[in-house]
Amino acid sequence: MTRIDMDLQDAYRRSALSRMSEIVEWMQQDNTGVPVRCQKIFLTTIPCAFTGYDVVEWLCEKLNIEDSAEAMHLASLLCQYGYLFPVTDTKSLQVRDDGSLYRFQTPAFWPSYNSKPDDVYYAIYLTKRMMRNKQKHGLEDFELIEHARLQKTLCDKWDFIRMQAEEQVKLLKECKKADKVVRDSQERAFWRVRKPGPSQLNAFEEDKKKLAATRPKRKSADFLQREIAFLLKSIDRSRAKCSHSFESLQHHCHQYAEHDPFLTSPQPSNPWISDDSTLWNIDDPNAAVYTEKRMKRWAFSFDELLRDPAGIQEFENYLKKEYSSENIRFWKECEKLRFLPLSKVEKRGEEIFYEFLAKHASSEVNIDGRTMENTRQALKKADRFTFREAQEHIYLLMKKDSYVRFIRGDDYQTLLANAVCPSSRKKFFSFVSTVTAANKKQKTPNLSPSAKRRGSATGLEGKAGNGGLSQHSFSTGNLRELDDRSTKSSPNGSSTDLKDEKEIRRKFSAKSLKQKLDDLVSPKEQKLSVPKNSRGPIVNSNQANDSCGVETIAVPNVVAPWDD
Amino acid sequence: MATEGLRVENQSATLDSLQREAENLKKKLEEEKDKLKDIDINVVAQRLDPLAPISLKPRKVLKGHLAKVLCMDWSNDKRHVVSSSQDGKLLVWDAFSTNKEHAFSMQTTWVMACCYAPSSTLIACGGLDNKCTIYPLTMEEDQAKKKVVGTHASYLSCCEFTHSDHQIVTGSGDSTLALWDVESGTLMHSFHGHTGDVTSLHLSPTECGSVLASGSCDNTLMIWDMRTGQCAQMFDSHESDVNAVRFYPSGDAVASASDDATCRLFDLRADREVCAYKKQSVIFGCNSIDFSLSGRILFAGYNDYVVNLWDTLKSTRLCMLYGHDNRVSCVRVSPDGTALCTSSWDYTLRIWA
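Keep in mind that this is a model prediction, so the values were computed, not measured.

Engineer: Just checking my understanding: could you explain the overall build of chain B for this structure?
Structural biologist: Along the backbone of chain B there are 2 helices and 28 strands. A compact globule built from 353 residues should have a C-alpha radius of gyration of about 20 Å, and chain B, at 21 Å, falls within 12% of that. Here chain B holds 353 residues, and 66% of them are scored as buried. The long-range fraction of contacts in chain B, counting pairs at least 24 apart against all pairs at least 6 apart in sequence, stands at 45%. For chain B, the separation between the mean place of its 35 positive charges and that of its 45 negative charges on side chains is 6 Å.

Here you go:
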């Protein structure tokens, strides 16, 4: 056997056809298979048939299928691939879960043994039918056309074809009636699925991709050597424990579950279900007002913040107050550089260097000497990755320092408090969309907080009685989770963790309760104080620092690891 | 003559010994990986809460193709879709209103790959013409503005833009992948290592532009470092063609779909297969997969016309979507995770939510 034959056999063994053959062989076993018998309908006897009930029941039982719809679907596929066929129904190839009758195809006609049916056999079959009783065996229009076409293309073989057909018809007449009926129906069923009419489904259509596919060749020495080198490298690779990696997969699912529209229906509504596109207007990347859900994601991780353009913008606003916005700007430029057209990379690379890294640069970022030296070296032949090391350095700096402060700081909390929380109420949306339109120019979204706050509060109360409070404590819970994950390598929820969390939650909810009360008592004051926050950077940075102090007290064992 | 014969013999001897060495190393690698298998994931997953029953309904049906739909992609605006078909047509839909907004005719049939650029102003496509062609989506249907970015030695099976409109990655039947500069059509990197046709590719959602996954007819799935063009990791537990690869949303794992009627999940840090999605009654090959936003649901489109929803963590099947009348060629979750779009050989696309 040649290699190609072996490959083909191998490919067959793994294909759906082989799996279908296996199932049908199983179905035909004497004791455990589908019961096949002569079925009686009124006065006619139909030999070698089984009912739709039987096959569906058998599939459900043997293949552990819970839903009969799935069994029906699978049976219909077996039908479409020609392993079984309906005895009386000439129109549809669907198997129904009722008393309709089906028959097994003889293995000689299985697609497993007939990858491509020969035109000569088809011509013989059509000629045979033309020789027989018109009413019972007459050809359909498309078959007549086929017959005429074959007569033309196979004209040199036509005598042979006609003789074969005559011979076969003669032989058939000598058979017993039951055999004749069965054999006739099997042959007809075979051609029915292999040469379907123009509007019918052809299950055997091949995927061009698969036809064109070149099977793997025998490996060359060169290739094997590379493979060995690769394997050697792989063996030394450091790996995580299974438990650890699975936990982190789980963590991701858990964290994003409420953001996944397939798991938690989005507020106000899923546009595809309600035909109302409000959700997209609210979640628009350029929207002037952020939803609470969107903002909560910023606290998941630094990367999540950086994935949202609005997140970057707010973070930059915050850094401006800390006088370190050049860091995020540098990171942004490096990120852009990586995806620039090749022709612009070199020039832009230089510009970035002079803006952020050169001595006395207008917005110099702070990187250590070695990184600086490496970057200088890389700059000699500037490409997209010239600043990789420096970018990484700044990224870590922001992640470990400014990001943590940003998320814990007042700015983020104020934004979060002012974020809209859409409910399914109609009234609320019209408000949001007008704000979006009106606020196009305003970059800071906390300019009209009182109205929004009221909105969000009503929204929450509309949803659940204790709305506001639970929301606040929940977001801090998230924060806590984040810290846990990054400070400890294995987040095995120990009792101390739980205790800590409870304590913090208590403190925070107390704080938010106070905030809440303040809001209720003096909404005007709040309205005044927030814009002041955003406009007076100096005052604000002080405030931010203050609040930072408060936060570190509240979360005693968390800050230390960031510092080292 | 004699020396010639000797050389051939020598060569095959070295080949055999190399082959043996590779086999031994593979075994050793497996042992090494097994050392870190400290839990049985199926047992751990049993303890997780099951998901609430999910019922998805077809919300839109996009009719207009006159041949098998082979590929589709969402626009970042969350409502537009591009689809390509066997007759060489490329359609851009507003899926929300089900209107067709643009139509392009390719010179070739079997347009097997199409994708939207991040800015939603360009689309790229290719197929049996071996080329990756880019069309701008302008109001005047000016086909003269199309541009050929790259050419492979065999058919184009998949393509995807990186983070920007300026770079595109393509995979091909010539068993390579390539990263192209769109503006100049320069080949920036090519990725060699597969021994069969590359069928699919996906860029890491978290390390976009630096990590790339690809699947191939050589039954393997490879993870590439895009900076160096080197293969970083390889997984070969499938028994037949790998038809689709997709990163888990956290970027820490990759799922694959294969003709062997299974889908699998490989964790990149544990460097091994962690889950397999299979069932006795699922016997047809899987063509395309995608994750829901959280990663908990894996959508998989099969050759038996059905879309199966798998619970990613528990490896159980959640439900089946019936509706297509022929093979499902492509499944994609919309960028905000609100809907699933499926394309099929029955000439239609469907949106489920």
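Engineer: Teacher, can you tell me more about the overall build of chain A here?
Structural biologist: Scanning chain A for helices and strands turns up 29 helices and 4 strands. Counting across all 564 residues of chain A, residues that qualify as buried make up 47%. Excluding contacts between residues fewer than 6 apart, the proportion of contacts in chain A whose partners are at least 24 apart in sequence is 64%.

Engineer: I keep staring at the sheet that holds strand S2 (residues 44-51) of chain A and nothing clicks. Help me out?
Structural biologist: Hydrogen bonds between backbone atoms are what pair the strands of a sheet, whose relative direction is either parallel or antiparallel. Residue and element names in this part refer to chain A. Pairing is antiparallel across the open sheet formed by 4 strands, whose spatial order is S1-S2-S4-S3. The open sheet is flanked by strand S1 (37-41) and strand S3 (84-86), the only strands paired with a single partner. Averaged over all pairs of adjacent strands, the angle between their axes in this sheet comes to 55°, without regard to strand direction. Pairing of S3 with strand S4 (residues 101-104) involves 3 bridges; the strand directions are antiparallel. Directly across from Leu-84, in S4, lies its bridge partner Phe-104.

Engineer: How should I be thinking about the domain arrangement of chain A in this particular structure?
Structural biologist: A common way to express how large an interface is: the accessible area buried when the components associate. Parsing chain A into structural domains produces domain 1 (3-109), domain 2 (119-208), domain 3 (263-417) and domain 4 (432-554). The C-alpha centroid of domain 3 of chain A is placed 59 Å from the C-alpha centroid of domain 1 of chain A.

Engineer: Sorry if this is basic, but what is going on with the packing of aromatic side chains here?
Structural biologist: Both the distance between ring centres and the angle between the ring planes are used here to describe each pair of aromatic rings. Inspection of the entire model under this criterion finds 34 aromatic pairs over all chains. Ring centres of Tyr81(A) and Phe284(B) lie 5.6 Å apart, and the angle between their planes is 45°; on these two criteria the pair is classed as tilted. Here the residue Tyr81(A) occupies a position in the loop between helix H4 (68-80) and S3, and Phe284(B) occupies one in the loop between strand S21 (272-277) and strand S22 (286-291), the pair thus bridging two chains. The exposure class assigned to Tyr81(A) is buried, which follows from its relative accessible area of 7%. Each ring, one from Phe302(A) and one from Tyr403(A), has its centre 5.1 Å from the other, and the planes form 45°; the classification is tilted. In this pair, Phe302(A) is assigned in helix H16 (residues 302-307) and Tyr403(A) in helix H21 (residues 388-408), connecting sequence segments 101 residues apart. Note on accessibility: Phe302(A) and Tyr403(A) belong to one class, buried. The ring of Phe204(A) carries Arg194(A) above its face, with NZ or CZ at 3.8 Å from the centroid.

Engineer: In this structure, what is going on with the pairing of strand S6 (residues 113-116) of chain B? I would like to understand it.
Structural biologist: Two faces make up the sheet, and in a regular strand the side chains alternate between them. Residue and element names in this part refer to chain B. Going residue by residue along S6, you find Ala-113 and Cys-115 tucked away on one face and Cys-114 and Tyr-116 tucked away on the opposite face as well. Strand direction decides the pairing type here: S6 and strand S7 (residues 122-126), joined by 4 bridges, are antiparallel. Across the sheet, the residue bridging to Tyr-116 is Ile-123, located in S7.

Engineer: Explanation requested: the nonpolar core in the structure shown.
Structural biologist: Across soluble globular proteins, nonpolar side chains have a tendency to be buried as a group. Ranked by internal contacts, the top residues of the largest apolar core, which has 40 residues, are Phe315(A), Phe330(A), Leu357(A) and Phe387(A). No other element matches H21(A), which puts 7 residues into this core. Apart from residues lying up to four places away in sequence, Leu357(A) is in contact with Phe330(A), Ile352(A), Glu364(A), Val365(A), Ile367(A), Met372(A), Thr375(A) and Phe387(A). Membership of the second largest hydrophobic core comes to 34 residues, among which are Leu63(A), Tyr81(A), Phe204(A) and Phe284(B).

Engineer: Even after reading the chapter, I still don't get the side chain of Ser18(A), so can you show me in this structure?
Structural biologist: All names here are of chain A. Checked against the element boundaries, Ser-18 lands in helix H2 (residues 16-27). You can call Ser-18 buried: its relative accessible area is 6%. Reaching out from Ser-18, the side chain makes a polar contact with the backbone oxygen of Ser-15 at a distance of 3.0 Å.

Engineer: Explanation requested: the UniProt feature "domain: DEP" (unreviewed entry) in chain A in the structure shown.
Structural biologist: Sequence positions flagged by UniProt for "domain: DEP" (unreviewed entry) are, in local numbering, residues 30-106 of chain A. Strand forms 26% of residues 30-106 of chain A and helix 31%; the C-alpha atoms that close the span are 15 Å apart.

The rules behind the values
Residues numbered from 1 in each chain as written. Chains lettered and ligands numbered in written order. Predicted model: local features only at pLDDT ≥ 70, side-chain atom pairs only at ≥ 80, totals over all residues. Heavy atoms only, no water. Helix = DSSP H or I, 4+ residues; strand = E, 2+ residues; numbered from the N terminus. Rg over C-alpha atoms; globule rule 2.2 N^0.38 Å. Buried < 20%, exposed > 50% of the residue type's maximum accessible area, 1.4 Å probe, protein only. Contact = heavy atoms within 4.5 Å. Lys, Arg positive; Asp, Glu negative; His and termini not counted. Charge placed at Lys NZ, Arg CZ, Asp CG, Glu CD. Pairing = 2+ DSSP bridges. Axes fitted to C-alpha atoms, helices over the stretch in contact; angles between N-to-C directions. Domains from an automatic or database assignment. Phe/Tyr/Trp six-rings, centres within 6.5 Å; stacked < 30°, edge-to-face > 60°. Lys NZ or Arg CZ within 6 Å of the ring centre and 35° of its normal. Core = buried A, V, L, I, M, F, W, Y, C linked by side-chain atoms within 4.5 Å. Polar contact = N/O pair within 3.5 Å; in protein donor to acceptor, adjacent residues only side chain to side chain. UniProt positions renumbered as here; feature names shortened; annotations may be inferred.

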